[in-house]
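Okay, here's what each chain looks like letter by letter:
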Amino acid sequence: MKIIITGCSGQIGNALLTRFFETNFGAEIYGIDIQPPKYLELKHKSMLNYIQADLKSTKQISSIEAHVKTADHVIHLASSIENSRDISSISNLIKADVE
């Protein structure tokens, strides 16, 4: 099983990654964020397939498109502090899966 977590460096993303890795249910976990998770324990960092990307950038979406299309589950936790009404990251993520 392949699971993608966007916003993996945020508070909720870090907590979810930790929970997944502690339960060790054998899924491939991919984390997507602008910055790598800072607070993830070292033993868990080696289990994470981290992809650095800004989901608001249509140019960077192409770098994750193949991962999104082959994922069993996408947990979208990415958000933008600058503009809370900006839905471009959601729109770009959906386009990557559909196109």
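Because the structure is a prediction, the values reported are computed rather than measured.

Draft legend 1. Looking closely at the overall build of the protein. Counting its regular elements, the protein contains 4 helices and 4 strands. Written out in order from the N terminus, the α and β elements of the protein read β-α-β-α-β-α-β-α. When the 99 residues of the protein are sorted by exposure, 36% land in the buried category. Considering only contacts within the protein whose residues lie at least 6 apart along the sequence, 59% involve residues at least 24 apart. Working note: accessible area of the protein is about 6,300 Å², and carbon and sulfur atoms make up 52% of it.

Draft legend 2. Expanded view of the sheet that holds strand β4 (residues 73-76). Spatially, β3-β2-β1-β4 is the arrangement adopted by the 4 strands of the open sheet, whose pairing is parallel. Where the open sheet ends on each side, the last strands, each with one partner, are β3 (48-52) and β4. Taken pair by pair, the neighbouring strands of this sheet meet at an average axis angle of 20 degrees, ignoring direction. The sheet contact formed by strand β1 (residues 2-6) and β4 spans 4 bridges and is parallel. When the bridges of β4 are listed, Ile 5 appears paired with Ile 75. Against the sheet, helix α3 (residues 58-69) makes contact with β1, β2 (28-33) and β3, and its axis sits at roughly 140 degrees relative to β1, the strand it touches most.

Draft legend 3. Representation of helix α1 (residues 11-23) within the structure. Between its first and last C-alpha, α1 extends 19 Å over 13 residues, near the 18 Å set by a 1.5 Å rise per residue. Residues of α1 that are buried sit in contact with β1, β2, α2 (42-45), β3 and β4. Immediately downstream of α1, the backbone of Asn 24 shows phi near 50 degrees, a positive value.

Rules of the game
- Residues numbered from 1 in each chain as written.
- Predicted model: local features only at pLDDT ≥ 70, side-chain atom pairs only at ≥ 80, totals over all residues.
- Heavy atoms only, no water.
- Helix = DSSP H or I, 4+ residues; strand = E, 2+ residues; numbered from the N terminus.
- Buried < 20%, exposed > 50% of the residue type's maximum accessible area, 1.4 Å probe, protein only.
- Contact = heavy atoms within 4.5 Å.
- Areas by Shrake-Rupley, 256 points an atom, 1.4 Å probe, with all protein chains shown as cover.
- Pairing = 2+ DSSP bridges.
- Axes fitted to C-alpha atoms, helices over the stretch in contact; angles between N-to-C directions.
- Expected span 1.5 Å × (residues − 1).

Fair warning: the whole summary comes from geometry, so function is off the table for now.
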